[in-house]
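The primary structure of each chain is shown beneath.
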Amino acid sequence: MDRAEDWSGSIEGVLGRLAVTPSGLSSDQASTARQRWGTNDVLAHRRASVTALLLDRLRNPLILLLLLASGLSLAAGETRSFVIVLGILSISVAIDFAQEFQAHRTVEALQRSVALRARVRRDGSDREIPVDELVPGDIVRFSAGDIVPADCRLIESRDLFVNQALLTGESYPVEKNAGDRTITGEGPAGAADAVAMGSSIVSGSATALVCRTGREAMLGTVAASLGRRRPPDAFEIGVRRFGFLMLRLTVFLVLFVLAVNLAFHRPWLEALMFALALAVGLTPELLPMIVTVTLARGARRMAARRVIVKRLAAIHDLGAMDILCADKTGSLTEARIRLVGHIDPTGAESEEVLRLAGLNSVFESGIRSPLDDAILEHGRPDVSAWRKLDEVPFDFERRRVSVLVEPVGGGARLLVVKGAPEDILQISTTAVTASGETRPLDAAERGRLAAMFEGIGADGQRALGIAFREVALTQDHAALQDEGELAFAGFVTFVDPPKPDAAAAIHALGEAGISVKILTGDNERVTQHVCAELGIPVIGMLTGAEIAGMSDEALLGRLATVNLFCRVNPQQKRRVLAAFRRLGHVVGFLGDGANDASALHEADVGISVQTATDVAKEAADLVLLDRDLSVIHAGALEGRRTVANVTKYILMGSSSNLGNMASMAGAAFLLPFLPMLPVQVLLNNLLYDLSELGLPFDRVDPEALRRPVRWDLARVVRFMLVLGPISSLFDFLTFGVLLALFSGDEAAFQTGWFVESLLTQVLVIFVIRTRGAPWANRPHPLLSALSLGVAGLATLLPFTGLGAILGMTPLPSVFYLFLAVVVPAYLGIVEIAKRLLLRDPAG
Ligand SMILES: Nc1ncnc2c1ncn2[C@@H]1O[C@H](COP(=O)(O)OP(=O)(O)OP(=O)(O)O)[C@@H](O)[C@H]1O
Ligand SMILES: [Mg+2]
């Protein structure tokens, strides 16, 4: 095969040309093809490339400027400073890069475990493989709910409808047919006998030949422009805004320092390097790395609880989530549905009802629901005497499915309909008893059947209505309008045992500030029964019909007093979610069906389960390996922990670090020499960064986990305005003492300040990291070790050879005496300021 591979012409021709056998590709052929065509990675999560990540680090304009400036100093004969600057910058970039790269790899490995899989025929047998291993020439099978993993030609299809909105924008399902060579548009999406990567199967089933994978596929060619990234969430915007704030401060400070130095006619190159080093010191350059590493760590801890994070930033949203919408089956119940009854309109047991239900379930090719599985499991219906002619596939608007069948030997053709009993009764005109007696469905009879159905629900049983109609012997297609004037045959009833621990999980979520709402397509009786059985209070209920009749405003007004939404269709699920979001809530949604996909998209955090249909899983941000509400609680705490630790880094950067850099700029104004050499500023910054590498692992205050947390720029700014000046105040105190101690000795002054500013800047983490007393909540050992280690290093550095290279000189013991007073005093005052800030009701 080559690039110009011809996939057109009749499918038989293509199969023949490729010598594709019914047993599919062999493993050898597949691996050869994979080498030639590459990985099918458009739908799969792309691996972050090493070069891209590295370039990302180097793209920082400050680093480039600094390299340029030190290059100039090299030209001016200053080899040593060039080498040191280069050394410090490389170490800093390397640490940053290694951390982030490691984090990306961890997350990718996790994400692979929930990647979409395709059913493919290889070496003569059917198997499931991750979609990125598919190659051209593979034979794959689809059924409803699947996402098409590559551009394919259909070999065989049955009642196939696909949604190709992703490619064409057309949201209505399009019918596809093997062997139909009609072309209505470009590429596989426009051909009747082809399906395009990224389409979803709405109903029906197909066998298809994979033609184009990866970038070669139609979706692959638009993937770049498609930008499947979602808009940034509140936390991301907040962090970005903070970065911007710091950037503006940096620019201002650098220009100020430059102007001052030039005004005093100091050597311009040194002044420039000093200004740039200050700028590097000020930029929270580790912020993206700290965010990623913190999130990755969160993702790994969640994986230990069998929750896989597909979109990292969703962890923040999970921390901010205050409403969780969940479906009923699987959340409140075990999702182990069992068929327990099959009764005719009089309430008598009826084999005929079971037989019709079985016919419908076996032959329907749409989304297989757990109700169908229950019917098939019960007595394994024998349908060998029947042949299927056509079907009207299930959808969540009609809530029913019809199949048109005829006896194998010929005879009366039947349309068998099964679906939500309310609706089935609506479109029935007669009722047929088990003994074959037909009675008209008059008002009285309808009332009786409705009451019977309510009774079933009140017993906590789910029910489907079964009806049928004989059609003309010549009719071999079924359509929507055939679903009328039916004969009602009866009900099949099911039980789905309630989940004993669901109530406790909902209670725990409530305690953590997350209220749980149930959104179900099932009817109100059954749902209320389940709630009653579990002891979950129903504070208010709305049905789909009521929602349909409400304006958006009216719906908004009702939401606060409702926790149960029944008989809601997919659009209504989405509408309810959108309404909650409009009220300012951060909303999670847990669902697993094709009917949940649009709500999953709408939610701030979409949560699905490993066994869900492709479309639901693809739309989800988190995938639960075990369906369990309590892991969502654990996940929410994990999210809060992440936000808390990133906030610590930001508070550190914006208070103490900012204060230090600002006083350094001020000192440049007052001193006849530079307060610190550019390389010392850089090293100061590198060591400070090092001390914070343990932050992602740090413990957080229990209070920080109690309620949903949101990004709070106002709090950061408050801290900045109070703690920044305190830091500067102490710097100027040091400044005075240093001048008095070593009046004219530049090197001693610079060394002294290096040590003092680094100690205060690093050790203050122990105060800032907790809301309470520093000793009440112990820091993570790694954080302690790194912070104390850096502090020790800073104290000893002036006495080493390395210190000498960096222009440092040993300091007299009286300086250390001064340190022993000023550092604790600084930490004490910050502690007091912190408490005052937190006492403020807004804090
Ligand atoms: N296979 C089927 N055949 C006929 N009718 C069906 C089938 N599956 C579902 N229905 C009807 O559609 C309704 C909605 O489906 P379903 O209960 O799966 O919705 P849901 O919102 O996913 O509910 P849940 O919250 O329990 O997951 C069902 O109550 C039933 O009346
Ligand atoms: Mg469901």
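Everything numeric here is computed off the predicted structure, so don't read it as measured data. (Residues numbered from 1 in each chain as written. Chains lettered and ligands numbered in written order. Predicted model: local features only at pLDDT ≥ 70, side-chain atom pairs only at ≥ 80, totals over all residues. Heavy atoms only, no water.)

Peer 1: Can you break down the overall build of the chain residue by residue, with the values?
Peer 2: Helix and strand counts for the chain stand at 31 helices and 23 strands. For the chain, the C-alpha atoms occupy an extent of roughly 115 × 65 × 40 Å along the three principal directions. For the chain, long-range pairs separated by at least 24 residues make up 74% of all intrachain contacts whose partners lie at least 6 apart in sequence. Element-wise, carbon and sulfur atoms account for 59% of the exposed surface of the chain, whose accessible area totals about 34,200 Å². (Helix = DSSP H or I, 4+ residues; strand = E, 2+ residues; numbered from the N terminus. Contact = heavy atoms within 4.5 Å. Areas by Shrake-Rupley, 256 points an atom, 1.4 Å probe, with all protein chains shown as cover.)

Peer 1: Give a description of a negative patch on the surface that names residues and reports values.
Peer 2: Residues E78, E270, D745 and E746 make up a contiguous surface patch of negative charge. Within the secondary structure, D745 is located in the loop between α26 (713–741) and α27 (746–763). (Patch = residues over 30% accessible without salt bridge, like charges linked within 9 Å, V, L, I, M, F, W, Y side chains within 5 Å. Salt bridge = Lys/Arg side-chain N within 4 Å of Asp/Glu carboxyl O. Lys, Arg positive; Asp, Glu negative; His and termini not counted. Charge placed at Lys NZ, Arg CZ, Asp CG, Glu CD.)

Peer 1: Tell me about empty space enclosed by the protein, and name the residues and values.
Peer 2: Under the definition given, this model contains five cavities of 30 Å³ or more. In this model, the largest cavity occupies a volume close to 60 Å³. T294, R297, G298, R301, E638, R641, T642, N645, P696 and D698 together form the lining of the largest cavity. For the lining of the largest cavity, the secondary-structure elements that each account for two or more residues are α10 (287–304) and α23 (629–670). (1 Å grid on protein atoms, 1.4 Å probe; cavity = no way out; pocket = protein on both sides within 12 Å on 5 of 7 lines; lining within 4 Å. Points joined across faces, edges and corners; volume = space filled by probe spheres on them.)

Peer 1: Which residues make up the packing of helix α9 (residues 268–282) against helix α24 (residues 678–691), and what values go with them?
Peer 2: Direction vectors running N to C along α9 and α24 enclose 10 degrees, while the axes themselves pass 8 Å from each other. In terms of orientation, α9 and α24 fall into the roughly parallel class. Judged by residue contacts, E270, M273, F274, A277, L278, V280 and G281 of α9 engage P678, V681, L682 and N685 from α24. For the contact of α9 with α24, the class distribution of residues is eight nonpolar, two polar and one charged. (Axes fitted to C-alpha atoms, helices over the stretch in contact; angles between N-to-C directions. Parallel < 35°, antiparallel > 145°, perpendicular 65-115°, else oblique. Nonpolar A, V, L, I, M, F, W, Y, C, P; charged D, E, K, R; others polar.)

Peer 1: Describe a nonpolar patch on the surface, with residues and values.
Peer 2: A surface patch of nonpolar side chains, amounting to about 480 Å² of accessible area, comprises F256, F264, F669, L670 and F732. Counting through the fold element by element, L670 comes out in helix α23.

Peer 1: Before we move on, could you go through the domain arrangement of the chain and cite the residues and values that matter?
Peer 2: In many analyses, interface size is given as the accessible surface area lost on bringing the parts together. If you check the domain split of the chain, you get domain 1 (4–37 + 116–227), domain 2 (233–300 + 639–839), domain 3 (307–334 + 499–625) and domain 4 (348–359 + 370–491). The C-alpha-based centres of domain 2 and domain 4 are spaced at 73 Å. (Domains from an automatic or database assignment.)

Peer 1: Describe in detail the site of ligand 1, supporting the description with residues and values.
Peer 2: The local shell around ligand 1 holds 23 residues, among which T329, D372, R462, G521 and K573 are the closest. In the environment of ligand 1, an oxygen atom lies 2.4 Å from a nitrogen or oxygen atom belonging to the side chain of T329. D372 has a polar side-chain atom sitting 2.6 Å from a nitrogen atom of ligand 1. Burial of ligand 1 by the protein chains amounts to 94% of its free accessible area of 610 Å². Elements with a minimum of two residues in the shell around ligand 1: α13 (370–377), β13 (413–419) and β16 (462–471). Of the residues belonging to the shell around ligand 1, the class tally is seven nonpolar, six polar and ten charged. Both domains that furnish three or more residues to the shell around ligand 1 are identified here as domain 3 (307–334 + 499–625) and domain 4 (348–359 + 370–491). (Near = heavy atom within 4 Å. Polar contact = N/O pair within 3.5 Å; in protein donor to acceptor, adjacent residues only side chain to side chain.)

Peer 1: Summarise the pairing of strand β4 (residues 151–163); cite the residues concerned and give the values.
Peer 2: Sheet analysis places β4 next to strand β7 (residues 200–212), joined by ten bridges and oriented antiparallel. Bridge pairing in β7 links C152 to V210. Looking at chain direction, β4 and strand β6 (residues 194–195) are connected through two bridges and run antiparallel. Looking at the pairing, C152 lines up with V195 of β6. Two elements, β4 and strand β5 (residues 174–176), share three bridges in a ladder whose sense is antiparallel. Bridge pairing links F161 to E175 in β5. (Pairing = 2+ DSSP bridges.)

Peer 1: Give a detailed account of the UniProt feature "transmembrane region" (unreviewed entry) in the chain, specifying residues and quantitative values.
Peer 2: Here the UniProt feature "transmembrane region" (unreviewed entry) sits at residues 245–265, 271–296, 716–742, 748–770, 782–808 and 814–833. With 74% helix and 0% strand, the stretch residues 782–808 has end C-alpha atoms that lie 29 Å from each other. End C-alpha to end C-alpha, residues 814–833 measures 29 Å, and it is 100% helix and 0% strand. (UniProt positions renumbered as here; feature names shortened; annotations may be inferred.)

Peer 1: Explain the pattern of salt bridges to me, and be specific about the residues and the numbers.
Peer 2: Taken as a whole, this structure holds 45 salt bridges when the rule is applied. Residue R627 pairs with D327 through a salt bridge whose shortest N-O separation is 2.5 Å. Linking R627 in the loop between β23 (622–624) and α23 with D327 in the loop between β9 (323–326) and β10 (338–343), this pair joins segments that are 300 residues apart in sequence. Each member of the pair, R627 together with D327, is buried. Residues R769 and D698 are paired through a salt bridge, measuring 2.6 Å at the closest nitrogen-oxygen approach. With R769 in the loop between α28 (765–768) and α29 (781–796) and D698 in the loop between α24 and α25 (702–706), the pair connects residues that are 71 residues apart, well separated along the chain. (Buried < 20%, exposed > 50% of the residue type's maximum accessible area, 1.4 Å probe, protein only.)

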